[in-house]
Amino acid sequence: QAGSVPHSTLTSIVHRYNHLAMLCQENIAPASNSPLQQETRLRLFKNNRLESTELRKRRIDVSIELRKAKREALILKRRNIAIESDLISSTDSNGQVLGYCSPVIIEDIVRQVKSSDPVVQLTGVQSMRKLLSMENHSFTDTIIESGLVPKIIEFLGGANNELQFEAAWLLANIASGTSYHTHAVADAGALPYFIHLLTSPHKCISEQAVWAVANIAGDGPDLRDCVIRSGVISPLITLIRTYLHCQQGTYLRNIIWTLSNLCCHKNPPPSYETVIQLLPTLTSLLHHGDREVVSDICRIFSQLTDSSNDRIELVVNCGIIPRLVFLVQTGDSNLQEVALRTIGNIVTGKEEHVKMIIDSGVLKCFGSLLRHHNASIQKETAWALSNISAGPSEHIEGTIEVVQREAVWAVANMTAGGTIQQVCHLLQAGVLSPLCELLTTTDAKVLVVTLDAITNILLIVENNYKEQVCCLIEEAGGVGKIEALQQHSNVLVSNAALSIMERFYESNETSATAVGSFQVTPMNH
């Protein structure tokens, strides 16, 4: 509802609306009279599709922050493990309680890990893992500086499954830290062991390997490519097939998160071979029954399409656009947002990609999405719409109806809650003419909103400027259209039209004098 809205804002909205309505009526596009004008318009447009590199750069920082936030949340859940009482109550020779990372405890753990007794080794690794789950990065630095990482990696290749599991868990948590911590694990030669453990018959071990690989790949493009070269994709795809229909989807989600880390980072992006190898599996997972899985897959597609035109084409050729359009229409805000982001990336590509999006019918959903309660969804929708509008005239034509819908909603809201001065300002700006033009649309919802806007205007001016406004509506051809709408098949449309005619026209004889432009005499509040 509009309260006290500045006149300049209302004028701007109405002028934009009138301009777009005129374009729709005349079936032309703005600034398309010459190649120079078209080039100037595209250059000045805030989201110039011809400079899509800049658009993508603006998204990189946001995407990285979102990915890091999600990664941190997942890792923290992994570390939420209670410290055992024997660690908490450790004491020195004088009976004083020691801190978690006191030199005495650390020295004892180092001795245990370096022992030749597997039982003692297991105790040391477990103690280290539990301490790491509670302490900050300083303890991780201590582990690395103690030279224990290579020794722990050796346990990954042993025959003791319990020691394998604890070592993999510990290394995965170390790799979740800073880039220095991640490199300490990767540079010590852990990757081949983790790739092998992905095929372990023990789910708990293979899952820790998944976590470790994801943490390493998520550090940056160098380690990401190192992980890919280690042959990680084939075993991951095998794991997806194995756990595709598992009742507990946590493991599958962890694998999808790993795939996401294999597809992230922009400088450089993952190789074509990697993308081509992953696309069939990703496309299939887009139809999975777990909404969280589908959301993560959409996020991966948004990463893959946030790139050059040829990479966008690889994704588009998989036939995912109809599924994206379906997801945009779900009531799940998470799915809608990531699907819209992917669509927004696709329309930064070639003109044929934009046409495919327009032909999919997704623009019909944009009106309601622009009014969505979630600000992120509004932003993603507006971003996609603005890039479509930055294209040639045939692309602009497809967005005009969406803009018209939003304009009439804006006018209806303004007139429902505005003052008489604000409504008179709209009338002076010429709002009635485009409103009357919209009375010929076949969209019943738009008709109802348009009739509501006209009704609101007439109600507000009823005691002051009723005759003038009635004449303006008649001059704009609105009266005949409203009369015809009394016979509309939609009862809401017909009732709204009937109400206008009965209240404002059948008992009113308007002046035949031409009114020209609408004039308002200042009124006292």
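Residues numbered from 1 in each chain as written. Predicted model: local features only at pLDDT ≥ 70, side-chain atom pairs only at ≥ 80, totals over all residues. Heavy atoms only, no water.

Participant: Is there a simple way to think about a negative patch on the surface in this case?
Facilitator: There is a patch of like negative charges on the surface, built from Glu474, Glu475, Glu483, Glu502 and Glu506. For glutamate 502, a relative accessible area of 44% corresponds to the partly exposed category. (Patch = residues over 30% accessible without salt bridge, like charges linked within 9 Å, V, L, I, M, F, W, Y side chains within 5 Å. Areas by Shrake-Rupley, 256 points an atom, 1.4 Å probe, with all protein chains shown as cover. Salt bridge = Lys/Arg side-chain N within 4 Å of Asp/Glu carboxyl O. Lys, Arg positive; Asp, Glu negative; His and termini not counted. Charge placed at Lys NZ, Arg CZ, Asp CG, Glu CD. Buried < 20%, exposed > 50% of the residue type's maximum accessible area, 1.4 Å probe, protein only.)

Participant: Would you mind going over the pattern of salt bridges with me for this structure?
Facilitator: Two side chains bearing opposite charge may form a pair once their charged atoms approach each other closely. Counted according to the given criterion, the structure contains 13 salt bridges. Notably, a salt bridge pairs arginine 291 with aspartate 332, separated by 3.5 Å at the nearest N-O pair. Here arginine 291, found in helix H17 (residues 291–305), pairs with aspartate 332, found in the loop between helix H19 (321–328) and helix H20 (333–346); they are 41 residues apart in sequence, far enough to count as distant. Residue glutamate 462 pairs with arginine 503 through a salt bridge whose shortest N-O separation is 2.9 Å. Taken together, the residues span a long stretch of sequence, with glutamate 462 in the loop between helix H27 (444–461) and helix H28 (466–475) and arginine 503 in helix H30 (residues 491–505) at a distance of 41 residues. (Helix = DSSP H or I, 4+ residues; strand = E, 2+ residues; numbered from the N terminus.)

Participant: Quick question: what am I supposed to make of the packing of H28 against H30 here?
Facilitator: To characterise two packed helices, one gives the angle between the axes of the helices and the distance between these axes. Close contact between H28 and H30 brings their axes to 12 Å; oriented N to C, the two are set at 135°. On the basis of the axis angle, H28 is oblique to H30. The way H28 lies across H30 gives a crossing that is left-handed. Note on element contacts: H30 touches H28 through Arg503, Phe504 and Tyr505, opposite Lys466, Cys470, Ile473 and Glu474. Of the residues belonging to the contact of H28 with H30, the class tally is four nonpolar, no polar and three charged. (Axes fitted to C-alpha atoms, helices over the stretch in contact; angles between N-to-C directions. Parallel < 35°, antiparallel > 145°, perpendicular 65-115°, else oblique. Left-handed = near helix turned anticlockwise from the far one by under 90°. Contact = heavy atoms within 4.5 Å. Nonpolar A, V, L, I, M, F, W, Y, C, P; charged D, E, K, R; others polar.)

Participant: What should I look at first to understand H30 in this one?
Facilitator: The α-helix winds at 3.6 residues per turn, so residues separated by three or four positions along the chain end up facing the same way. The terminal C-alpha atoms of H30, which comprises 15 residues, lie 20 Å apart, in line with the 21 Å expected from a rise of 1.5 Å per residue. Looking at H30, one finds that the buried residues are Val493, Ser494, Ala496, Ala497, Ile500, Met501, Phe504 and Tyr505. Buried residues of H30, viewed axially, fall in a sector of 165°; they line one side. Away from the buried face of H30 by more than 90 degrees, exposed residues Val491 and Leu492 are located. Buried residues along H30 sit in contact with H27, H28 and helix H29 (478–485). (Expected span 1.5 Å × (residues − 1). Arc of directions from axis to C-beta.)

Function cannot be read off these values alone, since they describe shape.
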